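Examining the three-dimensional arrangement
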There are 2 protein chains.
Amino acid sequence: MNIIVDAMGGDNAPGEIVQGCIDAAREYGISLTLVGKEDVVWGELKKRNAPEGKFTVVHAPEVVEADDAPVAAIRAKKDSSMVKGLELLKQDPKAVFVSAGNTGALMAGGLLKVGRIKGIDRPALAPMIPNLKGSTLLIDAGANAECKPQNLVQFAVMGSIYMEKVMGYKNPTVGLVNIGQEETKGNELTKEAYRLLKAEKSINFVGNVEPRDMLEGVVDVLVCDGFVGNVILKLTEGVALGLFQMLKEELTKNAVTKMGALLLKPGFKRIKKRMDYAEHGGAPLLGVKGGIIKAHGSSDARAIKNAVRQAMLFIQNNVLETITDYVRSSEEV
Amino acid sequence: MNIIVDAMGGDNAPGEIVQGCIDAAREYGISLTLVGKEDVVWGELKKRNAPEGKFTVVHAPEVVEADDAPVAAIRAKKDSSMVKGLELLKQDPKAVFVSAGNTGALMAGGLLKVGRIKGIDRPALAPMIPNLKGSTLLIDAGANAECKPQNLVQFAVMGSIYMEKVMGYKNPTVGLVNIGQEETKGNELTKEAYRLLKAEKSINFVGNVEPRDMLEGVVDVLVCDGFVGNVILKLTEGVALGLFQMLKEELTKNAVTKMGALLLKPGFKRIKKRMDYAEHGGAPLLGVKGGIIKAHGSSDARAIKNAVRQAMLFIQNNVLETITDYVRSSEEV
């Protein structure tokens with residue numbers, strides 16, 4: 001099992017990334033390949049008492065920074081940990097590459113360096129977003145600002161496969177993000193996508209889902225174009241942060257509210273945790289010829305360990321092969 | 001000043017609607033026309049000691065219900081308070097029609113019964129949405145699921161005029177909803193709209209606004225197509241409701257949290273109020289040949305009084321003429 005980790009990507013790299021990999025190696029008994037500045041990465045491994053014989057380090061002297069322009073960074077920084085990691089993945093499509101680095105660059109790099117599965121028109125980013133019962137897979141969350149109806153069907157199929165194989169959902173329900181419940185509602189894209197999704201036999205399509213009901217967790221997979229998906233992802237985060245800000249103002253108002261805040265502190269912490277999508281695991285970029293898991297930029301060791309676990313399940317449960325088989329069988333029809 | 005109110009529209013009609021109109025008549029010294037079942041409306045007016053000589057009642061025996069199909073309802077229910085009210089508006093474009101009834105039907109009716117201002121391609125719905133500092137005008141919030149870049153420019157202009165004339169914002173800032181700060185980000189619609197908005201001299205365009213920052217209140221007017229606008233409106237509401245639900249679960253957990261909840265009750269109430277967009281006034285349907293203010297379906301007397309106040313300012317500050325003049329001058333260029 002070949003799991004490659006970008007040791008230099010993310011706000012807490014390389015320390016927390018390396019620690020997460022060590023924890024994963026210990027807990028799951030697996031070996032890992034870390035890509036990054038060789039001396040730095042070996043230094044972190046030694047400092048943290050990494051188990052012997054579990055780590056390979058591939059040297060990459062450059063780093064793609066969080067604010068680098070995605071396509072330009074992939075083209076210019078040929079010796080970065082991200083580009084090197086993607087090249088390793090290209091050599092072994094049965095591998096998975098995990099990175100907490102620049103999301104746009106990882107998506108661009110996935111396309112440019114690894115390439116699409118034949119028959120998949122648009123790879124899509126699929127994070128788990130929080131809901132009241134657990135989480136929902138949102139696909140596409142921003143890889144494709146412009147989509148055709150057929151793209152949304154492929155998103156639905158890939159999302160369903162991932163939810164079943166990696167997240168353990170049986171026959172996951174799929175909903176189309178739309179501004180109305182009825183089949184006839186929405187824009188040209190969603191109206192046509194609805195028709196195609198209803199006809200797609202390999203998924204459990206249950207109809208339109210309105211944004212007002214999303215946090216209720218009414219479906220397991222939410223399908224939309226990448227513009228709308230990115231709005232959903234970021235607005236959910238923004239509204240939650242805004243409300244916590246308002247709460248903070250109210251809680252620190254006077255001695256009485258401060259006392260109340262003290263009594264409720266564990267509860268507030270739990271809510272914050274439930275709403276934090278970094279807690280819900282990494283986001284796969286589905287549709288590329290290999291596994292790519294995007295961990296949240298703010299990932300700590302625990303989040304990285306979880307992303308590595310997702311990578312393991314991705315490989316063990318043949319996600320890539322299942323998507324490839326679906327495309328092949330749907331082309332034969 | 002001709003203000004026409006749909007006495008039968010909304011969850012709390014006719015009682016709260018009539019009460020709100022009575023309060024407005026008293027506070028602002030204005031006369032109002034109420035449309036609805038004559039005996040019922042007069043009964044409410046008398047029961048509530050309405051001031052003499054301030055009310056005209058126009059009989060409309062039918063009611064457009066909240067779950068009626070919009071276009072069908074406007075066509076079939078010719079004797080409804082909504083259709084009758086829109087016809088009165090058609091006869092006097094200097095008037096404003098206020099309704100808390102079926103939003104879709106009101107938008108359809110505005111187009112079918114009142115018609116567009118010559119030169120405005122798509123009328124748009126523009127509610128005020130909450131932010132940490134106050135509120136932001138969101139245009140379009142759902143009237144047009146499919147938009148062209150030029151539509152967004154007209155939304156920006158109409159929204160700016162409304163914010164200045166009715167809401168009292170001086171030189172309101174305008175932001176384009178987009179999934180990235182940079183000019184080159186987004187889909188085909190937003191990229192081209194950015195270019196056109198930047199070139200439009202009559203507005204104070206400040207660039208793209210990402211959904212994550214919306215609740216911060218970074219601009220006064222948020223421009224987007226009606227699909228994205230409806231997602232924003234409903235998702236903000238849904239996330240807020242979901243978080244309140246989580247809070248409730250935490251607050252009622254045990255005796256300690258219940259005590260904390262008691263101490264913080266006033267604060268929670270204030271937050272709920274800040275996030276409730278019914279509190280932020282009615283939403284104008286801008287671009288039709290007359291004033292239409294959509295009050296929230298759950299409006300109480302106070303919300304209706306505020307919507308009537310918006311109607312007054314709409315007339316007094318010549319919103320319709322200003323929009324018409326803009327179209328005329330931009331066609332002359």
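Just so it is clear, the model here is predicted, and its values are computed rather than measured.

Basis of the calculations
- Residues numbered from 1 in each chain as written.
- Chains lettered and ligands numbered in written order.
- Predicted model: local features only at pLDDT ≥ 70, side-chain atom pairs only at ≥ 80, totals over all residues.
- Heavy atoms only, no water.
- Pairing = 2+ DSSP bridges.
- Helix = DSSP H or I, 4+ residues; strand = E, 2+ residues; numbered from the N terminus.
- Axes fitted to C-alpha atoms, helices over the stretch in contact; angles between N-to-C directions.
- Contact = heavy atoms within 4.5 Å.
- Buried area = accessible area lost by both parts, 1.4 Å probe.
- Salt bridge = Lys/Arg side-chain N within 4 Å of Asp/Glu carboxyl O.
- Polar contact = N/O pair within 3.5 Å; in protein donor to acceptor, adjacent residues only side chain to side chain.
- Least-squares fit on C-alpha atoms with pLDDT ≥ 70 in both.
- Patch = residues over 30% accessible without salt bridge, like charges linked within 9 Å, V, L, I, M, F, W, Y side chains within 5 Å.
- Areas by Shrake-Rupley, 256 points an atom, 1.4 Å probe, with all protein chains shown as cover.
- Buried < 20%, exposed > 50% of the residue type's maximum accessible area, 1.4 Å probe, protein only.
- Arc of directions from axis to C-beta.
- Right-handed = clockwise from strand over helix to strand, strands pointing away.
- Domains from an automatic or database assignment.
- Nonpolar A, V, L, I, M, F, W, Y, C, P; charged D, E, K, R; others polar.
- Core = buried A, V, L, I, M, F, W, Y, C linked by side-chain atoms within 4.5 Å.

Comments concerning the sheet that holds strand β6 (residues 128–130) of chain A
Residue and element names in this part refer to chain A. Across the sheet, five strands lie side by side as β6-β7-β10-β8-β9; this open sheet has mixed pairing. Looking along the sheet, the strands with just one partner apiece sit at the ends: β6 and β9 (204–209). Each strand axis lies, on average, 35° off the axis of its neighbour in the sheet, ignoring direction. For strand β7 (residues 135–139) and strand β10 (residues 221–223), the ladder comprises three bridges, and the chain directions are parallel. What sits directly across from L138, in β10, is L222.

Examining the interface of chain B and chain A
Counting residues at the interface gives 52 residues for chain B and 52 residues for chain A. For the pair chain B and chain A, the two sides together bury roughly 4,700 Å², of which 76% comes from carbon and sulfur. For the chain B face of the interface with chain A, the top three residues by lost area are R212, F227 and M246 of chain B, together amounting to 15%. The interface formed by chain B and chain A contains six salt bridges. For the salt bridge of E249 of chain A with R274 of chain B, the shortest nitrogen-to-oxygen distance reads 3.4 Å. One can count eight residue pairs in polar contact (both at pLDDT 80 or more) joining chain B with chain A.

Regarding the relation of the copies chain B and chain A
For these two chains of identical sequence, chain B goes onto chain A by a turn of 180° and a shift of 0.0 Å along the axis, with RMSD 0.1 Å. Read as a symmetry element, the transformation amounts to a two-fold axis. For chain B, the minimum C-alpha distance to the rotation axis belongs to G260 of chain B and amounts to 2.1 Å. When the interface residues of chain B are mapped onto chain A, 100% of them again fall at the interface, so both copies present the same face.

As for a nonpolar patch on the surface
Together, V71, L111 and L112 of chain A make up an exposed nonpolar region whose accessible area comes to about 240 Å². With respect to the helices and strands, the residue L112 of chain A is situated in helix α5 (residues 103–114).

A word on the sheet that holds strand β6 (residues 128–130) of chain B
Either a parallel or an antiparallel arrangement is found when strands of a sheet pair, and the pairing is made through backbone hydrogen bonds. All names here are of chain B. Taken in spatial order, the five strands of this open sheet run β6-β7-β10-β8-β9, and their pairing is mixed. What marks the edges here is a single partner per strand, and that holds for β6 and β9 (204–209). Pairwise comparison of adjacent strand axes, ignoring direction, gives a mean angle of 35° for this sheet. Bridge count for strand β8 (residues 173–177) against strand β10 (residues 221–223) is three bridges, and the pairing is parallel.

Re the environment of N204 of chain B
Residue and element names in this part refer to chain B. By secondary structure assignment, the location of N204 is in strand β9. Counting along the chain gives 16 residues from N204 to D220, while the straight-line C-alpha distance between them is 9.9 Å. In this view, N204 contacts N171, P172, T173 and V174; residues no more than four positions away in its chain are not counted. Among the polar contacts made by the side chain of N204, one reaches the main-chain carbonyl oxygen of N171 at a distance of 3.1 Å.

A short note on the pattern of salt bridges
Per the counting criterion, the structure on display carries 29 salt bridges over all chains. Between E321 of chain B and K94 of chain B there is a salt bridge, with its nearest N and O atoms 3.0 Å apart. Highlighted residues: E321 of chain B in helix α11 (residues 319–332) and K94 of chain B in the loop between α4 (81–91) and β4 (96–99), separated in sequence by 227 residues. According to the relative accessible area criterion, E321 of chain B is partly exposed, its value standing at 28%. Taking relative accessible area as the criterion, K94 of chain B reaches 56% and is therefore assigned exposed. The residue E250 of chain B makes a salt bridge to K253 of chain B at a minimum N-O spacing of 3.5 Å. One connected set of salt bridges, linked through shared partners, spans E44, K47 and R48 of chain A.

Digging into helix α2 (residues 38–47) of chain B
Residues and elements named next belong to chain B. Among the residues of α2, those classed as buried are V41, E44 and L45. The arc that holds the buried residues of α2, viewed along the axis, is 100°, so those residues lie on one side. Away from its buried face by more than 90 degrees, α2 exposes D39, K46 and K47. Here the buried face of α2 lies against α1 (15–28), β2 (32–36) and β3 (55–59). Just beyond α2, the residue with positive phi is N49, at close to 55°.

Let's talk about the pairing of β8 of chain B
On a regular strand, each side chain points to the face opposite its neighbour's, so the side chains alternate between the two faces of the sheet. Residue and element names in this part refer to chain B. Taken across its five residues, β8 has five buried, putting it largely inside the fold. Because side chains alternate across β8, one face comprises the buried residues T173, G175 and V177, and the other comprises V174 and L176, equally buried. Since β8 and β9 lie parallel, the crossover through helix α7 (residues 188–199) that links them has a hand, and here it is right-handed.

Topic: the domain arrangement of chain A
Residues and elements named next belong to chain A. Looking at chain A, the domain boundaries give domain 1 (1–120 + 287–319) and domain 2 (121–280). Computed from C-alpha coordinates alone, the two centres of domain 1 and domain 2 are separated by 25 Å. Contact with domain 1, which involves 19 residues of that partner, is made by 16 residues of domain 2. Carbon and sulfur atoms supply 66% of the area that domain 1 and domain 2 bury against each other, a total of about 1,400 Å² over both sides. The largest contributions to the domain 1 side of the interface with domain 2 come from M107, I120 and H296, which together make up 34% of the buried area. Run the count over domain 1 and domain 2 and you get three residue pairs in polar contact (both at pLDDT 80 or more). A total of five residues in the side of domain 1 that touches domain 2 trace back to one element, the largest contributor, which is helix α10 (residues 301–316). A breakdown of the residues in the side of domain 1 that touches domain 2 according to their chemical character gives nine nonpolar, seven polar and three charged.

A closer look at the nonpolar core
Side chains of a nonpolar character, in soluble globular proteins, are inclined to be buried together. Grouped together as the largest cluster of nonpolar side chains are 66 residues, with contacts concentrated most on I3, V5, L32, L34, L45, F55 and F314 of chain B. With nine residues, helix α6 (residues 149–165) of chain B is the single largest residue contributor to this core. Taken together, domain 1 (1–119 + 287–300 + 311–317) and domain 2 (121–281) of chain B each give at least three residues to this core, which thus spans both. Not counting chain neighbours up to four residues away, the residues in contact with L34 of chain B comprise V5, A7, V18, C21, V41, L45, F55, T56, V57 and V58 of chain B. Counting residues in hydrophobic clusters, the runner-up holds 65 residues, among them V157, Y162, A193 and F205 of chain A.

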